[in-house]
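One letter stands for each residue in the lines below.
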Amino acid sequence: YFIMKKLTLKFGGTSVGSIEKIKKVANIVKKRKDEGNAVIVVVSAMSGVTNELKKKSDLISKSFDSKELDVLLSSGEQISSSLLSGAIIDLGIKARSWLGWQIPIFTDNNHTASKIVNIKTDEILKFISSGGVAVIAGFQGISENGRVTTLGRGGSDLSAVAIAKFFETDSCEIYTDVEGILTTDPSINKSAKKIDKISYEEMLEMASLGARVMQPNAVQASMINDIPVHVRSTFSKNPGTK
Ligand code: ADP
Ligand code: ASP
Ligand code: MG
């Protein structure tokens, strides 16, 4: 008999950087759904948006209030999660966006660098088992004081790992703009080679040295919780990196 798999699919800012790309992502989501999987999507802000928001706060003050900065910076993911949900619905698939506070994704109150402490799962589990695609805004949560928090730059990777953990999904797939993890940054070194498989330890070292491809806290969370991660490309069918 057939056992439905639950997938966590995370799409980074480079994968949702334009309306064309958002439509492409919606088609990838449709394909994975049509294969019979239950799908949870985690999405980043369209590329450049978070930086633009940060610049605006800098123009007001270099010491802009960190609680208000989190409300501001998290807004990019409200845009991308609604656009992607709408694009999926347009393909004839039931979908809905969730912001961090709506789930909720509970974090500590260390604003701009929060850690996820718990995620409520019942509503979304019900939605995906009834055939809906849940589209979760990455990078954000809510503190015990009811304030919006963010997980540090690149934090949608951490959202994806935490969602894979709390929803006990069968995969945690990080879709990005490169073929997977390469030996060095391909934007700097054209001869960089793709790695098929990398240990948590080596990936953590690479991430800590500044490889943007996965946020260090996300690598650490996947290592601690034993969550296998698959980094792969939105723009090619190549198998990526485990
Ligand atoms: P996303 O928008 O999907 O989160 P990021 O820009 O955060 O994407 O991360 C992907 C980028 O990481 C790639 O475009 C690449 O330039 C950079 N990068 C740096 N080091 C590496 C590496 N060793 N392997 C792959 N990508 C790397
Ligand atoms: N949009 C956020 C950032 O730029 C989170 C992410 O991209 O993962 O840092
Ligand atoms: Mg990133």
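Because the structure is predicted, anything quoted here is derived from the model rather than measured. (Residues numbered from 1 in each chain as written. Chains lettered and ligands numbered in written order. Predicted model: local features only at pLDDT ≥ 70, side-chain atom pairs only at ≥ 80, totals over all residues. Heavy atoms only, no water.)

### Describing the overall build of the chain
Reasoning step 1: Counting its secondary structure elements, the chain contains 8 helices and 10 strands.
Reasoning step 2: Counting only C-alpha atoms, the chain reaches 55 × 45 × 35 Å along its principal axes.
Reasoning step 3: Residue burial in the chain is summarised as follows: out of 242 residues, 48% are buried.
Reasoning step 4: Looking at the chain as shown, the accessible area adds up to about 11900 Å², and 54% of this sits on carbon and sulfur atoms.
Reasoning step 5: One way to put it: in the chain the 31 positive side-chain charges average out to a point 4 Å from where the 26 negative ones average out. (Helix = DSSP H or I, 4+ residues; strand = E, 2+ residues; numbered from the N terminus. Buried < 20%, exposed > 50% of the residue type's maximum accessible area, 1.4 Å probe, protein only. Areas by Shrake-Rupley, 256 points an atom, 1.4 Å probe, with all protein chains shown as cover. Lys, Arg positive; Asp, Glu negative; His and termini not counted. Charge placed at Lys NZ, Arg CZ, Asp CG, Glu CD.)

### A look at the packing of aromatic side chains
Reasoning step 1: Across all of its chains, the model carries 2 aromatic pairs by this definition.
Reasoning step 2: With centroids separated by 5.2 Å and ring planes inclined at 75°, the aromatic side chains of Trp 98 and Phe 127 adopt a geometry described as edge-to-face. Taken as a pair, Trp 98 in strand β3 (residues 95-98) and Phe 127 in helix α5 (residues 122-129) lie far apart in primary sequence, 29 residues in all.
Reasoning step 3: The ring of Trp 98 carries the charged tip of Arg 96 above its face, separated from the ring centre by 3.9 Å. (Phe/Tyr/Trp six-rings, centres within 6.5 Å; stacked < 30°, edge-to-face > 60°. Lys NZ or Arg CZ within 6 Å of the ring centre and 35° of its normal.)

### A word on the site of ligand 2
Reasoning step 1: Surrounding ligand 2, one finds Ser 44, Ala 45, Thr 50, Glu 77, Phe 139, Arg 153, Gly 154, Gly 155 and Ser 156.
Reasoning step 2: Contacts to ligand 2 include Glu 77, whose side-chain N or O atom sits 2.7 Å from a nitrogen atom.
Reasoning step 3: With respect to ligand 2, the side chain of Arg 153 contributes an N or O atom lying 2.7 Å from an oxygen atom.
Reasoning step 4: Bound to the protein, ligand 2 loses 86% of the 260 Å² it would expose on its own.
Reasoning step 5: A class-by-class count of the residues in the shell around ligand 2 yields 2 nonpolar, 5 polar and 2 charged. (Near = heavy atom within 4 Å. Polar contact = N/O pair within 3.5 Å; in protein donor to acceptor, adjacent residues only side chain to side chain. Nonpolar A, V, L, I, M, F, W, Y, C, P; charged D, E, K, R; others polar.)

### Observations regarding the site of ligand 1
Reasoning step 1: Among the 19 residues in the neighbourhood of ligand 1, the closest are listed as Thr 14, Thr 176, Asp 177, Leu 182 and Asp 185.
Reasoning step 2: Lys 10 is positioned such that a nitrogen or oxygen atom in its side chain is 3.4 Å from an oxygen atom of ligand 1.
Reasoning step 3: One of the side-chain nitrogen or oxygen atoms of Asp 177 is found 2.8 Å away from an oxygen atom of ligand 1.
Reasoning step 4: Isolated, ligand 1 exposes 570 Å² of accessible area, and the fraction of that covered by the protein chains is 89%.
Reasoning step 5: For the shell around ligand 1, the class distribution of residues is 8 nonpolar, 7 polar and 4 charged.

### Topic: the packing of helix α7 (residues 200-208) against helix α8 (residues 216-224)
Reasoning step 1: Direction vectors running N to C along α7 and α8 enclose 165°, while the axes themselves pass 8 Å from each other. Taken together, the axis directions place α7 and α8 in an arrangement best described as roughly antiparallel. You can see that α7 and α8 cross each other, and the crossing is left-handed. Contacts between α7 and α8 involve Tyr 200, Glu 201, Met 203, Leu 204, Ala 207 and Ser 208 from the former and Pro 216, Val 219, Gln 220, Ser 222 and Met 223 from the latter.
Reasoning step 2: A per-class count over the contact of α7 with α8 returns 7 nonpolar, 3 polar and 1 charged. (Axes fitted to C-alpha atoms, helices over the stretch in contact; angles between N-to-C directions. Parallel < 35°, antiparallel > 145°, perpendicular 65-115°, else oblique. Left-handed = near helix turned anticlockwise from the far one by under 90°. Contact = heavy atoms within 4.5 Å.)

That's the geometry; what it means functionally is another story.
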